[in-house]
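Observations on the model geometry
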Amino acid sequence: MKEPSFFEKVYQIVKLIPKGRVTSYGTIAEYLGSKGSARMVGWAMNKSLSFPEDIPAHRVVNRKGLLTGKIHFGGSNTMKQLLENEGMIIENDQIIDFEKFFWDPAKELMV
DNA sequence: GGTGTGACCAGCT
DNA sequence: AAGCTGGCCACAC
């Protein structure tokens, strides 16, 4: 059988993100072995919105903890609402204490 | 089948 | 110091 593509791996990682945690595109890309493919991760999220699967794309933000992808959630602050619903604080489209909520797969999955 | 794009990141000018 | 380009891989037209 075929191995999961970079694209598929991204979904696996995102779905593994625990509630109340967030991660960045570059981190996922780096974890997959392609640090420079950070763009692919975000782009994969865009497609995930069209997929019937439950991809918590709102838990994935950029390196600065900025909700760069909220625009694709409909242009509204839907992404912000989801994150706040999980117990985090968002201000000016930016996650407060981003480092504290940061979820690193390389550390969490690697035990 | 080639070109362009894409929710990024980091380095160079 | 800040702005911009390059790079990565996969999909859409």
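Basis of the calculations
Residues numbered from 1 in each chain as written. Chains lettered and ligands numbered in written order. Predicted model: local features only at pLDDT ≥ 70, side-chain atom pairs only at ≥ 80, totals over all residues. Heavy atoms only, no water. Helix = DSSP H or I, 4+ residues; strand = E, 2+ residues; numbered from the N terminus. Buried < 20%, exposed > 50% of the residue type's maximum accessible area, 1.4 Å probe, protein only. Arc of directions from axis to C-beta. Contact = heavy atoms within 4.5 Å. Axes fitted to C-alpha atoms, helices over the stretch in contact; angles between N-to-C directions. Parallel < 35°, antiparallel > 145°, perpendicular 65-115°, else oblique. Nonpolar A, V, L, I, M, F, W, Y, C, P; charged D, E, K, R; others polar. Phe/Tyr/Trp six-rings, centres within 6.5 Å; stacked < 30°, edge-to-face > 60°. Core = buried A, V, L, I, M, F, W, Y, C linked by side-chain atoms within 4.5 Å. Near = heavy atom within 4 Å. Polar contact = N/O pair within 3.5 Å; in protein donor to acceptor, adjacent residues only side chain to side chain.

Time to look at the environment of A106. When you line up the elements, A106 lands in helix α6 (residues 105-108). Classification of A106 as partly exposed rests on a relative accessible area of 28%. Distance from A106 to L49, taken between C-alpha atoms, is 25 Å for residues 57 residues apart in sequence.

Of all the residues in helix α3 (residues 38-48), the buried ones are V41, A44, M45 and S48. Each buried residue of α3 lies within a common arc of 105 degrees when the element is viewed along its axis, so the set occupies one face. For α3, the elements touching its buried residues are α1 (6-16), α2 (25-32) and β2 (60-61).

Attention now goes to the packing of α1 against α3. The N-to-C vectors of α1 and α3 enclose an angle of 75 degrees; their axes lie 10 Å apart at closest approach. Regarding the angle of α1 to α3, the classification is roughly perpendicular. Residues F6, F7, V10, Y11 and V14 of α1 form the contact with α3, whose participating residues are M40, V41, W43, A44, M45, K47 and S48. Its residues placed into classes, the contact of α1 with α3 shows ten nonpolar, one polar and one charged.

Moving on, we get to the packing of aromatic side chains. This model, assessed by the stated rule, comprises four aromatic pairs. Taken together, a centroid distance of 5.0 Å and an interplanar angle of 80 degrees make the contact between F7 and Y11 edge-to-face. In this pair, F7 and Y11 both sit in helix α1, four residues apart, roughly one turn of the helix. Residue classification places F7 among the partly exposed residues on the basis of a relative accessible area of 23%. Here the aromatic rings of F98 and F102 are separated by 5.5 Å at their centres, their planes lie at 75 degrees, and the arrangement is edge-to-face. The class of F98 is buried, set by a relative accessible area of 9%. F102 sits in the partly exposed class, given a relative accessible area of 23%. What links up through ring pairs into an aromatic cluster is the set F7, Y11, W43 and F51.

Let's shift gears to the nonpolar core. Counting 16 residues, the largest nonpolar core has V10, V14, I28, V41, M45 and V60 as its most contacted members. For this core, the secondary structure elements donating two or more residues are α1, α2 and α3. The residues contacting V14, other than those within four sequence positions of it, are I28, M45, I55, P56, A57 and V60.

To continue, consider the protein's contact with DNA strand C. In the region of DNA strand C, the neighbouring residues are G36, S37, R39, M40, W43 and K47. In the model, a base oxygen of DNA strand C is placed 2.5 Å from a nitrogen or oxygen of the R39 side chain. Residues of the surface near DNA strand C, tallied by class, amount to two nonpolar, two polar and two charged.

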